[in-house]
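So the chains spell out like this:
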Amino acid sequence: MSQTTTFEQPKTGTWDGGNEPFKASYGKLMMWFFLLSDAFTFGAFLTTYGLARHRHRSFEEAQALLPEAQRLQEFEFSTQWWPIPEKVFNAFPGFHGVDWPLAFVALMTMILILSSVTMVLAVEAGHRMDKKDVQKWLLWTILFGSMFLGCQAWEWTHFIAGDETGMTLADGSKIYGANLIVNQYGPPLFADLFFFITGFHGTHVLSGVVLLILIFINTVNGVYHRRGHYEMVEKVGLYWHFVDLVWVFVFTFFYLV
Amino acid sequence: MASHSHHNEFEHTGEIPKPQTKIIWKTFVILCVVTAIEFAFAFMMDAGTLRNTIFILLTIVKAFYIVAEFMHLKHEVKGLIWSILIPSVLLIWLLVALLVEGTFYGESVFNYFQ
């Protein structure tokens, strides 16, 4: 152990801080409680999404209110009803105009789950003090994390630019794509919540990748090996898994339900 | 992890033990299968309350495996497990409160912005 000289013996009595009821270090506990507070933030976001969605009619509900002759047979984008996610997110890079509902988001989900696996493998290698393996799995995690960010950049670009169908407004003019004010796919709130929720999650992924690069550099320099443990990898791992966990919920409530 | 004291045992012997990754890959397979089931329901079943309930239940299954195995919470001390899980109940309380009072709250917010 590379420990600096201690001038005073640490107090080890139960009420002097010598007791460790959770058997976890201070840093790990604080990471857990930070993640708990972050879960509340995302919980509030997704609850807001649910509230906004309930305030709007679904396609079927809106059709049921119309007289029989005016009803639409096929789904169309309209600000009058909430869009069906499968109809919004059906594009895939390189396959322009092909209807592949949710295929791209499935790929993104797989990439993030895989990155979680390589992260937990890095943590496991850290427990065995296997510097080489830690490096290898951290690099894979950085790669998958960056891939996910790239996918999200493409998804955002496509969402913002829209496609050539667009949406015809009441005055005959057409709008393409979405921003915070107008939205080709439905009510503006749908686009607002898409930007806020996936954007907030994407910012978390970006911070995670930055943290991963930092601990990768430290691992290569042997900082954790000299310290005698790879706990920092564990802490960043907790954060990374949390980002994956949030995506699981975003995926269900934004893309599936 | 229960403690870090035993990690140093490997350091003295200089040998690196074999990786124990069976449970990790098992969890990965479970997560993939559950996601595949979600997709099957998304395309083979009409939208509705029943389908949404299935989605939410499967999401909780996935969340359990991520938190319990990947984040290792299942293997922590009971006190730590409860201090993470009990505050999360507040989110359920928020959902229930909004189900009951949500219409009034929604009206007020939406009227304010009109």
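Residues numbered from 1 in each chain as written. Chains lettered and ligands numbered in written order. Predicted model: local features only at pLDDT ≥ 70, side-chain atom pairs only at ≥ 80, totals over all residues. Heavy atoms only, no water.

**Describing the interface of chain A and chain B**
Part 1 of the argument: Across the boundary between the two partners, chain A contributes 54 residues, which contact 53 residues of chain B.
Part 2 of the argument: Interface area lost by chain A to chain B is led by A:Trp32, A:Arg55 and A:Arg128, which between them contribute 14%.
Part 3 of the argument: Inspection of the region where chain A meets chain B yields two salt bridges.
Part 4 of the argument: As a salt-bridge pair, A:Lys28 and B:Glu76 come within 3.9 Å of each other at their nearest N and O atoms. (Contact = heavy atoms within 4.5 Å. Buried area = accessible area lost by both parts, 1.4 Å probe. Salt bridge = Lys/Arg side-chain N within 4 Å of Asp/Glu carboxyl O.)

**Remarks on unusual backbone geometry**
Part 1 of the argument: Although it is not a glycine, A:Leu102 sits at a positive phi angle of roughly 65 degrees.
Part 2 of the argument: Of note, A:Leu102 is situated in the loop between α3 (85–88) and α4 (103–127).
Part 3 of the argument: Unusually for a residue other than glycine, B:His72 sits at a positive phi of about 70 degrees.
Part 4 of the argument: In this fold, B:His72 is placed in the loop between α3 (49–70) and α4 (78–112).
Part 5 of the argument: B:His72 gets classed as partly exposed once you look at its relative accessible area, which sits at 24%. (Helix = DSSP H or I, 4+ residues; strand = E, 2+ residues; numbered from the N terminus. Buried < 20%, exposed > 50% of the residue type's maximum accessible area, 1.4 Å probe, protein only.)

**Concerning helix α8 (residues 231–256) of chain A**
Part 1 of the argument: The end-to-end C-alpha distance of α8(A) is 36 Å, a good match for the 38 Å that 26 residues give at a rise of 1.5 Å each.
Part 2 of the argument: A maximum bend of about 25 degrees is found in α8(A) at A:Val250. (Expected span 1.5 Å × (residues − 1). Bend = angle between axes of the 7 residues up to and from the residue.)

**Considering the packing of aromatic side chains**
The description of two aromatic rings rests on the distance between their centres and on the angle between their planes.
Part 1 of the argument: Under the counting rule described, the total for this entry stands at 40 aromatic pairs over all chains.
Part 2 of the argument: Taken together, a centroid distance of 5.3 Å and an interplanar angle of 80 degrees make the contact between B:Phe64 and B:Tyr65 edge-to-face. (Phe/Tyr/Trp six-rings, centres within 6.5 Å; stacked < 30°, edge-to-face > 60°.)

**Observations concerning the packing of α8(A) against helix α2 (residues 22–44) of chain B**
Part 1 of the argument: The geometry of α8(A) relative to α2(B) is characterised by a closest axis approach of 12 Å and an angle of 10 degrees between their N-to-C directions. If you check the angle between α8(A) and α2(B), you find them roughly parallel. Contacts between α8(A) and α2(B) involve A:Phe251, A:Thr252 and A:Leu256 from the former and B:Thr35, B:Glu38, B:Phe39 and B:Ala42 from the latter.
Part 2 of the argument: For the contact of α8(A) with α2(B), the class distribution of residues is four nonpolar, two polar and one charged. (Axes fitted to C-alpha atoms, helices over the stretch in contact; angles between N-to-C directions. Parallel < 35°, antiparallel > 145°, perpendicular 65-115°, else oblique. Nonpolar A, V, L, I, M, F, W, Y, C, P; charged D, E, K, R; others polar.)

**Re the UniProt feature "transmembrane region" (unreviewed entry) in chain B**
Residues and elements named next belong to chain B.
Part 1 of the argument: Mapped onto this structure's residue numbering, the UniProt feature "transmembrane region" (unreviewed entry) falls at residues 23–44, 50–68 and 80–100.
Part 2 of the argument: With 100% helix and 0% strand, the stretch residues 50–68 has end C-alpha atoms that lie 27 Å from each other.
Part 3 of the argument: Secondary structure within residues 80–100 divides into 100% helix and 0% strand; the distance between the first and last C-alpha atoms comes to 32 Å. (UniProt positions renumbered as here; feature names shortened; annotations may be inferred.)

**Observations concerning the nonpolar core**
Proteins that are soluble and globular tend to have nonpolar side chains buried together.
Part 1 of the argument: Of all hydrophobic cores here, the largest spans 87 residues; its most connected members are A:Phe89, A:Leu138, A:Phe159, A:Val233, A:Trp247, A:Phe254 and A:Tyr255.
Part 2 of the argument: For this core, the elements supplying multiple residues, two or more each, are α1 (26–55), α4, α5 (131–161), α6 (188–220) and α8 of chain A together with α2, α3 and α4 of chain B.
Part 3 of the argument: A per-element tally of this core places α8(A) first, with 16 residues.
Part 4 of the argument: No fewer than three residues from each of domain 1 (1–76) and domain 2 (78–114) of chain B sit in this core.
Part 5 of the argument: Once residues lying within four places of it in the same chain are set aside, the contact partners of A:Tyr255 are A:Pro85, A:Phe89, A:Leu102, A:Val105, A:Glu155, A:Phe194, A:Thr198, A:Trp247 and A:Val250. (Core = buried A, V, L, I, M, F, W, Y, C linked by side-chain atoms within 4.5 Å. Domains from an automatic or database assignment.)

**Quick notes on the UniProt feature "transmembrane region" (unreviewed entry) in chain A**
Residues and elements named next belong to chain A.
Part 1 of the argument: Under the present numbering, the feature "transmembrane region" (unreviewed entry) in UniProt falls on residues 29–52, 102–125, 137–157, 193–217 and 238–256.
Part 2 of the argument: Spanning residues 29–52, this segment combines 100% helix with 0% strand, and its end C-alpha atoms are found 35 Å apart.
Part 3 of the argument: Structurally, residues 238–256 comprises 100% helix and 0% strand, and the distance from its first C-alpha atom to its last is 26 Å.

**Describing the side chain of A:Asn183**
All names here are of chain A.
Part 1 of the argument: Turning to its location among the elements, Asn-183 is positioned in the loop between β2 (174–175) and α6.
Part 2 of the argument: For Asn-183, a relative accessible area of 2% puts it in the buried group.
Part 3 of the argument: Here Tyr-185 takes part through its backbone nitrogen, which lies 2.8 Å from a polar atom of the side chain of Asn-183.
Part 4 of the argument: A distance of 3.5 Å separates the side chain of Asn-183 from the backbone oxygen of Gly-186, its partner in a polar contact. (Polar contact = N/O pair within 3.5 Å; in protein donor to acceptor, adjacent residues only side chain to side chain.)

**Considering the environment of B:Lys62**
Part 1 of the argument: As for its placement among the helices and strands, B:Lys62 is situated in helix α3.
Part 2 of the argument: Take B:Lys62: its relative accessible area is 0%, and that puts it in the buried class.
Part 3 of the argument: Considered as a pair, B:Lys62 and B:Leu31 are 31 residues apart in the sequence and their alpha carbons are 6.0 Å apart.
Part 4 of the argument: What B:Lys62 contacts, discounting residues up to four positions off in sequence, is A:Val248, A:Phe251, B:Leu31, B:Val34, B:Thr35 and B:Glu38.

**Some points on the confidence of the model for chain B**
Part 1 of the argument: Summarising the model, chain B shows a mean pLDDT of 84, and 88% of its residues fall at 70 or more.
Part 2 of the argument: Within the model, pLDDT remains below 50 along residues 1–8 of chain B, and this stretch shows 17 contacts once partners closer than five positions in the same chain are excluded. (pLDDT = per-residue confidence, 0-100.)

**Structural notes on the environment of A:Glu86**
Part 1 of the argument: Inspection of the secondary structure assignment puts A:Glu86 in helix α3.
Part 2 of the argument: What makes A:Glu86 buried here is its relative accessible area of 18%.
Part 3 of the argument: Residues A:Glu86 and A:Cys151 lie 65 residues apart in sequence; the distance between their C-alpha atoms is 17 Å.
Part 4 of the argument: For A:Glu86, the contacting residues outside a window of four places in its chain are A:Pro101, A:Leu102, B:Ala42, B:Phe43 and B:Arg51.

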